[in-house]
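Each chain, written out:
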Amino acid sequence: MAINKDTVAGKAREAAGKAQAAVGDAFDHEQTEIDGRIRELKGKAQEAYGKARDVYGKASEKAKDWAEHAPETAKEARERAAKLAEETSTKVRHQVQEQPLATLAGGIALGFVVGWLLNRR
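Below you will find a few notes about this structure.

Parameters and conventions
Residues numbered from 1 in each chain as written. Predicted model: local features only at pLDDT ≥ 70, side-chain atom pairs only at ≥ 80, totals over all residues. Heavy atoms only, no water. Helix = DSSP H or I, 4+ residues; strand = E, 2+ residues; numbered from the N terminus. Expected span 1.5 Å × (residues − 1). Bend = angle between axes of the 7 residues up to and from the residue. Buried < 20%, exposed > 50% of the residue type's maximum accessible area, 1.4 Å probe, protein only. Contact = heavy atoms within 4.5 Å. Salt bridge = Lys/Arg side-chain N within 4 Å of Asp/Glu carboxyl O. Axes fitted to C-alpha atoms, helices over the stretch in contact; angles between N-to-C directions. Parallel < 35°, antiparallel > 145°, perpendicular 65-115°, else oblique. Left-handed = near helix turned anticlockwise from the far one by under 90°. Patch = residues over 30% accessible without salt bridge, like charges linked within 9 Å, V, L, I, M, F, W, Y side chains within 5 Å. Areas by Shrake-Rupley, 256 points an atom, 1.4 Å probe, with all protein chains shown as cover.

Let us now look at helix H2 (residues 30-98). A rise of 1.5 Å per residue sets the reference length of H2, with its 69 residues, at 102 Å; its end C-alpha atoms lie 94 Å apart and thus fit the reference within 8%. Residue Ala70 marks the point of greatest curvature in H2, where the axis turns by about 45°; the proline Pro71 follows within four residues. Buried residues of H2: Gly36, Glu40, Gly43, Gln46, Glu47, Gly50 and Asp54, and no others. Where the residues of H2 are buried, they touch helix H1 (5-26).

Here is the structure:
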């Protein structure tokens, strides 16, 4: 995971806030402790922002990558579909030539089933 300046600065601010709060607690100085806790929370928020920026950057790069490869992927899909259609057409043609009566009977049966399903009201 890449670390950006907000992540690093947030971690540093958080650590400084923890230290400041510890000093305030050790010397029983309430305002210093409160300021330290606030600084710590600001650091956590900045770190979270930095991590969110990293996630957004990665998602953006992935989307760009997909967009760049979309035409190539579509071309491959078209080629696979054309090959599959050709293979299927060849198999059907072979089936019809080898067993014409069985194919005709299957077509008639399929026609009856479709007609029956469509006319069932």
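Another aspect to go through is the pattern of salt bridges. By the definition in use, this model includes 7 salt bridges. A salt bridge links Arg53 to Asp6; the shortest N-O distance between them is 2.5 Å. A residue pair is termed long-range when its members are at least 10 positions apart, and Arg53 in helix H2 and Asp6 in helix H1 qualify at 47 residues. Residue classification places Arg53 among the partly exposed positions, given a relative accessible area of 35%. Three or more residues joined by partner-sharing salt bridges are found here, namely Glu33, Arg37, Glu40 and Lys44.

Attention now moves to the packing of H1 against H2. One can describe the packing of H1 onto H2 by two numbers: an axis separation of 7 Å at closest approach and a directional angle of 165°. Judged by the inter-axis angle, H1 sits roughly antiparallel to H2. H1 and H2 meet at a crossing whose hand is left-handed.

Although it is not a glycine, Asp28 adopts a positive phi angle of roughly 55°. Looking at the element boundaries, Asp28 is found in the loop between H1 and H2. By relative accessible area, Asp28 is classed as exposed at 72%.

In this fold, Lys83 is placed in helix H2. Residue classification places Lys83 among the exposed positions, given a relative accessible area of 54%. Each C-alpha atom, one on Lys83 and one on Trp116, is 34 Å from the other, the two residues being 33 residues apart in sequence.

Moving on, we come to the environment of Glu68. With respect to the helices and strands, the residue Glu68 is situated in helix H2. Given the relative accessible area of 59%, Glu68 is considered exposed. On a C-alpha basis, the gap between Glu68 and Leu117 in space is 46 Å, while along the polypeptide they are 49 residues apart.

As a further point, take a nonpolar patch on the surface. A contiguous nonpolar surface patch, about 480 Å² in accessible area, is contributed by Leu101, Leu104, Ile108 and Phe112. For Leu104, the position within the fold is in helix H3 (residues 100-119). Looking at Leu104, the relative accessible area reads 52%, which means it is exposed.

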